[in-house]
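Residue strings, one per chain:
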Amino acid sequence: MPVRAAAGQACRIAATRDGGHPGADCPFRPGRASATRAPMVTLQDILAARERLRDAIRPTPCPASDYFTERTECAAVYFKLENLQRTGAFKERGALNKLLTLTEEERKRGVIAASAGNHAQGVAYHARRLGVKATIVMPERTPLIKVSRTRDDYGARVVLKGANYDEAYAEALRIQQDEGLVFVHPFNDPHVIAGQGTLGLELLEQWPDVEVVLVPIGGGGLISGVACALKESKPGIMVVGVQTSTIDSMKASIEAGKLVELPAAGTTIADGIAVKKVGELTFPMVRKYVDAVVSVDEEEIAAAILTLLEQEKSVVEGAGAVGVAAVLNGHVPQAKGKRTAIILSGGNIDMNVISRIIERGLVKAGRLVQLEVRLPDRPGMLARLTSRIADLRANVVDLHHERAFSKAGLGEAMVEVTLETTGPAHIRELEKALEELGWQVARK
């Protein structure tokens with residue numbers, strides 16, 4: 001019996017030796033699911049969804065990565081590029097499958113969803129294609145680009161309400177009751193889960209010898225469908241879920257053996273998987289099919305986004321990059337020596353966020369540095385400083401010359417200079433050269 005797992009960086013609970021049955025403390029033990037026992041989605045449901053979606057959802061590529069294969073201990077690394085979907089994420093698989101199962105009467109009533117991102121766009125885009133009126137409730141602080149794309153590009157009615165997703169969700173339920181609309185849940189719906197599971201079937205066709213698959217976890221819709229498709233088709237595959245440590249509700253629920261709602265967490269760049277409470281449908285499926293759950297922090301996610309951009313030329317949002325972060329930082333020992341597929345679940349990331357991530361990544365890599373230089377306050381000193389920097393082939397990005405408000409003494413000036421460099425060794429060379437001129441140099 002394969003290991004079932006839960007929590008933290010990699011909580012793994014092995015089956016006991018008496019016939020391979022899980023022990024009493026195993027969170028995957030049968031009978032320890034939540035009180036609500038809804039029927040699980042089956043492989044047959046996913047196969048049926050595959051037929052419905054065949055003409056509308058094009059298979060996404062799943063190329064091998066030489067760079068990540070060389071930089072990790074995996075036998076091979078493959079990336080399932082769901083960021084190349086029409087709406088930029090896997091969500092349209094589940095959204096479309098749900099829409100295609102509506103009756104004619106339900107289509108005439110219209111649909112409603114609550115989302116600030118990928119689910120909203122998936123529902124809006126395919127509802128427009130099918131001639132179904134869609135209403136999307138978004139938090140008031142949703143970025144304008146997401147609002148305009150959902151409303152102007154995909155034709156949905158957008159209602160801005162609430163400070164966060166939960167308040168938007170409550171408003172969506174109110175509108176649903178008032179107007180008699182059909183609610184399309186982002187993860188706690190069997191048709192949505194089955195639609196997401198088509199990704200797993202597709203992956204097996206592209207790489208039938210894959211051994212480990214890493215899947216982001218938010219509410220659990222994607223990993224539930226994918227894990228079911230993989231495990232029912234090829235039981236020996238290991239499925240590993242990845243969450244952000246900022247809000248890891250699936251981990252908490254598995255540890256508790258029941259659904260747990262976490263308090264509101266701080267902000268995360270993996271906002272697409274920042275879910276306080278996982279689904280009643282997805283939780284038992286994760287317990288049944290998923291082998292391990294690991295978590296990654298914000299710095300690891302940011303570095304993964306930058307590495308994907310730089311090495312794979314792929315734009316991936318925070319939620320989509322968590323699997324890469326887990327492998328790069330050694331959180332998935334199960335992948336050592338294994339053929340490993342990582343689902344890049346979406347690419348809808350704000351350009352301002354990318355800009356900040358790139359800047360922080362450059363600082364971390366030693367390719368951008370800010371130095372404080374204390375030098376004599378007399379004519380020609382600033383020119384001498386910039387000339388010496390130029391001699392050492394560093395590029396000045398920003399420079400601030402301060403007298404009155406600095407800690408420099410009388411007759412001195414403090415210069416803050418931001419430089420583009422080639423790396424840590426280049427920075428040390430610059431510091432040494434400026435100190436040899438008799439100036440005090442400090443790195444900020």
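Residues numbered from 1 in each chain as written. Predicted model: local features only at pLDDT ≥ 70, side-chain atom pairs only at ≥ 80, totals over all residues. Heavy atoms only, no water.

Caption draft 1: Representation of the overall build of the chain within the structure. The helix and strand tally for the chain stands at 16 helices and 15 strands. Over its C-alpha atoms, taken along the principal directions, the chain stretches across nearly 80 × 55 × 40 Å. Counting all 444 residues of the chain, 53% fall into the buried class. Considering only residue pairs separated by 6 or more positions, the chain has 72% of its internal contacts joining residues 24 or more positions apart. Surface summary for the chain: the accessible area is close to 19800 Å², and the carbon and sulfur share equals 49%. Put simply, the chain has 56 plus and 54 minus side-chain charges, and the middle of one group is 3 Å from the middle of the other. (Helix = DSSP H or I, 4+ residues; strand = E, 2+ residues; numbered from the N terminus. Buried < 20%, exposed > 50% of the residue type's maximum accessible area, 1.4 Å probe, protein only. Contact = heavy atoms within 4.5 Å. Areas by Shrake-Rupley, 256 points an atom, 1.4 Å probe, with all protein chains shown as cover. Lys, Arg positive; Asp, Glu negative; His and termini not counted. Charge placed at Lys NZ, Arg CZ, Asp CG, Glu CD.)

Caption draft 2: Representation of the environment of Arg360 in the model. Secondary-structure assignment places Arg360 in helix 14 (residues 351-364). With a relative accessible area of 52%, Arg360 lands in the exposed category. Taking C-alpha positions, Arg360 is 38 Å from Ala229, a pair spaced 131 residues apart along the chain.

Caption draft 3: Structural context of the side chain of Thr340. Its location among the elements puts Thr340 in strand 11 (residues 339-344). What makes Thr340 buried here is its relative accessible area of 0%. Non-local contacts of Thr340, meaning those with residues more than four positions away in its chain, are made with Cys74, Ala76, Val77, Tyr78, Val210, Val212, Leu214 and Ala335.

Caption draft 4: Representation of helix 9 (residues 221-233). The terminal C-alpha atoms of helix 9, which comprises 13 residues, lie 18 Å apart, in line with the 18 Å expected from a rise of 1.5 Å per residue. In terms of residue burial, helix 9 counts as a mostly covered element, since 11 of its 13 residues are buried. Looking at helix 9, one finds that the buried residues are Gly221, Leu222, Ile223, Ser224, Gly225, Val226, Ala227, Cys228, Ala229, Leu230 and Lys231. (Expected span 1.5 Å × (residues − 1).)

Caption draft 5: Broad picture of the sheet that holds strand 7 (residues 182-183). On the basis of which strands lie adjacent, the open sheet formed by four strands has the order 6-5-4-7 and parallel pairing. One side of each edge strand has no neighbouring strand; the edge strands of this open sheet are strand 6 (157-160) and strand 7. Taken together, the four bridges between strand 5 (residues 134-138) and strand 6 define a ladder with parallel strand orientation. Across the sheet, residue Thr135 finds its bridge partner in strand 6, namely Arg157. (Pairing = 2+ DSSP bridges.)

Caption draft 6: Here's a closer look at the pairing of strand 14 (residues 412-420). Bridge count between strand 12 (residues 368-376) and strand 14: nine bridges; the pairing is antiparallel. Considered in strand 14, the bridge of Val373 is made with Val415. Bridging between strand 13 (residues 395-402) and strand 14 involves seven bridges; their strand directions are antiparallel. Looking at the pairing, Asn395 lines up with Glu420 of strand 14.

Caption draft 7: Local environment of the packing of helix 12 (residues 298-312) against helix 14. Between helix 12 and helix 14, the shortest axis-to-axis distance is 9 Å and the interhelical angle comes to 95°. By the angle class used here, helix 12 and helix 14 are roughly perpendicular. Residues Glu299, Ala302, Ile305, Leu306 and Leu309 of helix 12 form the contact with helix 14, whose own contacting residues are Ile354, Ile357, Ile358, Arg360, Gly361 and Leu362. Considering only residue class, the contact of helix 12 with helix 14 consists of eight nonpolar, one polar and two charged. (Axes fitted to C-alpha atoms, helices over the stretch in contact; angles between N-to-C directions. Parallel < 35°, antiparallel > 145°, perpendicular 65-115°, else oblique. Nonpolar A, V, L, I, M, F, W, Y, C, P; charged D, E, K, R; others polar.)

Caption draft 8: Main features of the nonpolar core. Judged by nonpolar contacts, the single largest core of 40 residues is most densely connected at Val213, Val215 and Val239. At the level of secondary structure, the elements contributing two or more residues to this core comprise helix 1 (43-53), strand 3 (76-81), helix 8 (190-206), strand 8 (212-216), helix 9, helix 10 (249-256), helix 11 (282-289) and strand 11. Looking at which element gives the most residues to this core, the answer is helix 9, with seven residues. With residues up to four places along the chain from it excluded, the contact list for Val215 reads Leu222, Ile223, Val226, Val239, Val240, Gly241, Val242 and Ile343. (Core = buried A, V, L, I, M, F, W, Y, C linked by side-chain atoms within 4.5 Å.)

Caption draft 9: Representation of the confidence of the model for the chain. Mean pLDDT over the chain: 89, with 91% of residues reaching 70 or higher. Within the model, the stretch residues 1-36 combines pLDDT values under 50 with 86 contacts to residues more than four positions away or in other chains. (pLDDT = per-residue confidence, 0-100.)

Caption draft 10: Structural context of the sheet that holds strand 13. The four strands lie next to each other as 13-14-12-15, forming an open sheet whose pairing is antiparallel. At either end of the open sheet lies a strand with only one pairing partner, and these are strand 13 and strand 15 (440-443). Neighbour-to-neighbour, the strand axes of the sheet open up by a mean angle of 20°, direction not taken into account.

Caption draft 11: Representation of the packing of aromatic side chains within the structure. Enumeration over the complete set of coordinates arrives at five aromatic pairs. Note on Tyr67 and Phe68: the rings are 5.3 Å apart at their centroids and 80° apart in plane angle, and the pair reads as edge-to-face. Just as Tyr67 is buried, Phe68 falls in that class too. Between Tyr169 and Phe183 the ring centres are 5.6 Å apart and the planes differ by 85°, which places this aromatic pair in the edge-to-face class. Here Phe183 lies in strand 7 and Tyr169 lies in helix 7 (residues 165-179), a separation of 14 residues in the sequence. The class for Tyr169 is partly exposed, based on a relative accessible area of 25%. (Phe/Tyr/Trp six-rings, centres within 6.5 Å; stacked < 30°, edge-to-face > 60°.)

Caption draft 12: Up close: the environment of Glu312. In this structure, Glu312 sits in helix 12. Exposure remark for Glu312: the relative accessible area of 23% places this residue in the partly exposed category. C-alpha separation for the pair Glu312 and Ser245, spaced 67 residues apart in sequence, amounts to 25 Å. Sequence-distant contacts of Glu312, defined by excluding residues within four places in its chain, comprise Ser65, Tyr67, Phe68, Phe79 and Thr307.

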